[in-house]
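Letter by letter, the chains look like this.
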Amino acid sequence: MSKCDIIIPVWNQPEVTRECIASILKNTGYPYRLIIIDNGSEAPTESYLSGLKEKKDLDLLLIRNDKNLGFVKAVNQGVVVSDAPYLCIMNNDTIAAPGWLEEMVDVIEANPSIGLLNP
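Chemist: Break down the packing of aromatic side chains for me, with residues and values.
Modeler: Scanning the entire structure with this criterion turns up zero aromatic pairs. The ring of tyrosine 48 carries the charged tip of arginine 18 above its face, separated from the ring centre by 4.5 Å.

As structure tokens, this is what we get:
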């Protein structure tokens, strides 16, 4: 089975970020790695994101920028370090539903003419 890198740019908003990541952990059965780009968040968010590195069962790459480079540059940072056959770009205020990633991968694998899929 392939893997999907989930790229999430973050700038502050610790509560919505926590809810987003909790929903991914709870509702994603397809193999994935989280690539979180911290765009120079303040202490509460930075502390939460750093604490994720302690989760032994979480495949995580955390990139921290000294300042907010914006959404597009943060996404591009994640794309550059990705080595997965699938990429998912997600806002940090998204709540993942049960089976969300499995369904998207199933659709794209069943239709080789699809190059980009959005829920």
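Chemist: Summarise the pattern of salt bridges; cite the residues concerned and give the values.
Modeler: By the definition in use, this model includes six salt bridges. Where aspartate 83 meets arginine 33, a salt bridge forms, and the shortest distance between an N and an O atom there is 3.5 Å. Highlighted residues: aspartate 83 in the loop between α3 (71-81) and β4 (86-89) and arginine 33 in strand β2 (residues 32-39), separated in sequence by 50 residues. Of the charged contacts, one joins glutamate 46 and arginine 64 as a salt bridge, the two residues approaching to 3.2 Å between their closest N and O atoms. You can see glutamate 46 sitting in helix α2 (residues 43-52) and its partner arginine 64 sitting in strand β3 (residues 60-65), a full 18 residues away along the chain. Overall, glutamate 46 belongs to the partly exposed group, its relative accessible area being 30%. The partly exposed category is assigned to arginine 64, whose relative accessible area is 36%. Several salt bridges converge on common partners, so that one network encompasses Asp5, Arg33 and Asp83.

Chemist: Please give an account of unusual backbone geometry that cites residues and values.
Modeler: One non-glycine residue with positive phi stands out, namely asparagine 12, at about 60 degrees. Positionally, asparagine 12 belongs in the loop between β1 (4-10) and α1 (14-27). A residue is classified by how much of its surface remains accessible, and asparagine 12, at 15% relative accessible area, is buried. Positive phi is not limited to glycine here, since glutamine 13 has a value of about 55 degrees. By the element assignment, glutamine 13 lies in the loop between β1 and α1.

Chemist: Before we move on, could you go through α2 and cite the residues and values that matter?
Modeler: When we look at burial in α2, the residues that qualify are Thr45, Tyr48, Leu49 and Leu52. Seen along its axis, α2 keeps its buried residues to an arc of 95 degrees; they face one direction. In α2, the exposed positions angled more than 90 degrees off the buried face are occupied by Ala43 and Ser47. Residues of α2 that are buried make contact with β1, α1, β2 and β3.

Conventions and cut-offs
Residues numbered from 1 in each chain as written. Predicted model: local features only at pLDDT ≥ 70, side-chain atom pairs only at ≥ 80, totals over all residues. Heavy atoms only, no water. Phe/Tyr/Trp six-rings, centres within 6.5 Å; stacked < 30°, edge-to-face > 60°. Lys NZ or Arg CZ within 6 Å of the ring centre and 35° of its normal. Salt bridge = Lys/Arg side-chain N within 4 Å of Asp/Glu carboxyl O. Helix = DSSP H or I, 4+ residues; strand = E, 2+ residues; numbered from the N terminus. Buried < 20%, exposed > 50% of the residue type's maximum accessible area, 1.4 Å probe, protein only. Arc of directions from axis to C-beta. Contact = heavy atoms within 4.5 Å.

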